[in-house]
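Here is how the chains run, residue by residue.
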Amino acid sequence: MEGLIIFFVLIFIGIFIFIPFMIRKAMKSGAQARNFIPDLLRLTGMQLNDQTLSGVYRDFPATVRFGLGVNMGKLIMKGPRPSNQFAGLHGRNTFFQTLHVQLEIPGAGLPPLGIKEKVGILRTDEFLNEIIKQTRMELPELKIPHSLPRVRFYGTDATFATRFADDPELKRLLSDWHFTDIRIGGSSVELILDDNMVMPTFGGKRMSNPGYVVQALDIASRVAVLAKN
């Protein structure tokens, strides 16, 4: 019972105290951070309302939502007391930045397709995070040849998937992108960046520059173009 109370206290601190503090700190720290929002608006031509960027990007209605995630897997595995059993978790972030990009393709009726970097059981905390958040890919894996880095295809329409498999522009855009999670279906394309290792992988310098947001929009818009055509 004591462990459960501590667990919920940590979640409360993260959501209602730590996350707003980190957002304010990111907006205020350093010249680059101060210029993040003006540069982002200039580069995308979109408008910011609270933590949501919206507008039209490369002819597609687009929204970008910013947030901070909680590494629930790490909290569950560590428990209320330190333990050497999960010593490898010390390098994992408890709180991390997330990004959710959504583009609309008016009038489209796209089959469901996922392009995703698989999270293996060896990354146990993130594996648990996806189960808890119910973000695991539920579509069957498609065994199609492709040249896109670090991803697998999931869906039921292999012909549709081949549109993306060897596209050189999409391959270029994904070459230095990590934790790829792209979901297509109906009239929308979604790109999700939600992984507790995003900061150590991308690096603080890259994450404090709006270029990674522009890259996410470029990836999503390229996928939208391929899906539409």
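From a predicted model like this one, the values you see are computed outputs, not experimental measurements. Along every chain, residues carry numbers that run from 1 in the direction the sequence is written. Given that the model is predicted, a residue must reach a pLDDT of at least 70 before its local features are reported, and side-chain atom pairs must reach 80 or more before they are shown or counted; all residues, however, enter totals for whole chains, interfaces and linings. Only hydrogens and water are removed before side-chain values are computed, so all heavy atoms of the structure are retained for them.

1. Focus: the sheet that holds strand β5 (residues 110-116)
Working step 1: Here a strand pair is declared whenever DSSP counts at least two bridges between the two strands. Counting from the N terminus, the helices are DSSP H or I runs at least four residues long and the strands are E runs at least two residues long. A sheet is described by the order of its strands in space; here nine strands give the open sequence β1-β2-β3-β4-β9-β8-β5-β7-β6, paired in antiparallel fashion. Edge positions in the sheet fall to β1 (47-49) and β6 (141-142), since each has one partner strand and no second.
Working step 2: Where β6 meets strand β7 (residues 152-155), two bridges bridge the pair, whose relative direction is antiparallel. Considered in β7, the bridge of Glu 141 is made with Tyr 154.
Working step 3: The strands that helix α3 (residues 36-44) touches are β1, β2 (52-57) and β3 (60-70); relative to β2, the one it contacts most, it runs at about 20 degrees. The contact definition used throughout considers only heavy atoms, calling two residues in contact when any of these lie within 4.5 Å. Helix axes use the C-alpha atoms of the stretch in contact, all axes being lines fitted to C-alpha atoms, and the angles between their N-to-C directions lie in the range 0 to 180 degrees.

2. Let's talk about the pattern of salt bridges
Working step 1: By definition here, a salt bridge exists when the distance from a side-chain nitrogen of Lys or Arg to a carboxyl oxygen of Asp or Glu is within 4 Å. Counted according to the given criterion, the structure contains eight salt bridges.
Working step 2: For the salt bridge of Arg 206 with Asp 176, the shortest nitrogen-to-oxygen distance reads 3.9 Å. Of this pair, Arg 206 sits in helix α9 (residues 204-207) while Asp 176 sits in the loop between α7 (168-174) and β8 (181-186); the two residues are 30 residues apart in sequence, bridging distant segments of the chain.
Working step 3: In this structure Arg 206 comes out as partly exposed when scored by relative accessible area, which is 21%. Remark: exposure states derive from per-residue accessible area (1.4 Å probe, protein chains only) relative to the maximum for the residue type, with buried under 20%, exposed over 50%, and partly exposed in between.

3. Brief notes about the nonpolar core
Working step 1: The biggest cluster of nonpolar side chains holds 52 residues, and the ones touching the most others in it are Phe 153, Phe 164 and Ile 184.
Working step 2: A per-element tally of this core places helix α10 (residues 211-228) first, with eleven residues.
Working step 3: The contact partners of Ile 184, leaving out residues within four places of it in the chain, are Leu 110, Pro 111, Pro 112, Leu 113, Ile 115, Phe 160, Phe 164, Val 189, Val 223 and Ala 227. As used in this record, nonpolar core signifies buried Ala, Val, Leu, Ile, Met, Phe, Trp, Tyr and Cys residues forming a set joined through side-chain atoms within 4.5 Å.

4. Some details on the layout of surface pockets
Working step 1: The calculated volume of the second largest pocket comes to roughly 330 Å³.
Working step 2: For each structure, a 1 Å grid was placed over the protein atoms alone; sets of points admitting a 1.4 Å probe that cannot get out are labelled cavities, open sets with protein on both sides within 12 Å along at least five of seven lines are labelled pockets, and lining residues have an atom within 4 Å of a point. Lining the second largest pocket are 23 residues, and of these Lys 133, Asp 181, Ile 192, Leu 193 and Asp 194 lie nearest its centre.
Working step 3: For the lining of the second largest pocket, the secondary structure elements donating two or more residues are β3, β4 (95-104), α5 (124-133), β8 and β9 (188-193).
Working step 4: In this classification, the charged set is Asp, Glu, Lys and Arg, the nonpolar set is Ala, Val, Leu, Ile, Met, Phe, Trp, Tyr, Cys and Pro, and all remaining amino acids, among them Gly, are polar. Here the residues of the lining of the second largest pocket sort into six nonpolar, five polar and twelve charged. Grid points are joined across faces, edges and corners, and a volume is the space filled by probe spheres set on the points.

5. A word on the pairing of β4
Working step 1: Relative to β4, β3 is paired through nine bridges, and the arrangement is antiparallel. Looking at β4, one finds that Gly 69 is bridged to Phe 96.
Working step 2: Bridge count for β4 against β9 is six bridges, and the pairing is antiparallel. Its bridge partner lying in β9, Leu 99 is registered against Leu 193.

6. Observations regarding the environment of Ile 182
Working step 1: Tracing the backbone shows Ile 182 in strand β8.
Working step 2: Owing to a relative accessible area of 1%, Ile 182 belongs among the buried residues under this scheme.
Working step 3: Once the C-alpha coordinates of Ile 182 and Ile 115 are considered, the two residues, 67 residues apart in sequence, prove to be 5.0 Å apart.
Working step 4: Residue contacts for Ile 182: discarding those within four places in its chain leaves Leu 113, Gly 114, Ile 115, Val 189, Glu 190, Leu 191, Ile 219 and Val 223.

7. Comments concerning α10
Within an α-helix, residues lying three or four positions from one another point in the same direction, as the helix has 3.6 residues per turn.
Working step 1: One fewer than the residue count of a helix, multiplied by 1.5 Å, yields its expected span. Between its first and last C-alpha atoms α10 spans 25 Å; for 18 residues at 1.5 Å apiece the expected length is 26 Å, and the two agree.
Working step 2: Along α10, 14 of the 18 residues are buried, which leaves the element largely enclosed by surrounding structure.

8. Here's the deal with the pairing of β8
Working step 1: The sheet contact formed by β5 and β8 spans five bridges and is antiparallel. If you follow Gly 114 over to β8, its bridge partner there is Arg 183.
Working step 2: Summarising the sheet, β8 and β9 pair through four bridges and their orientation is antiparallel. Along β9, the bridge assignment pairs Ile 184 with Val 189.
Working step 3: Hairpin connection, β8 to β9: the antiparallel pair is bridged by one residue.

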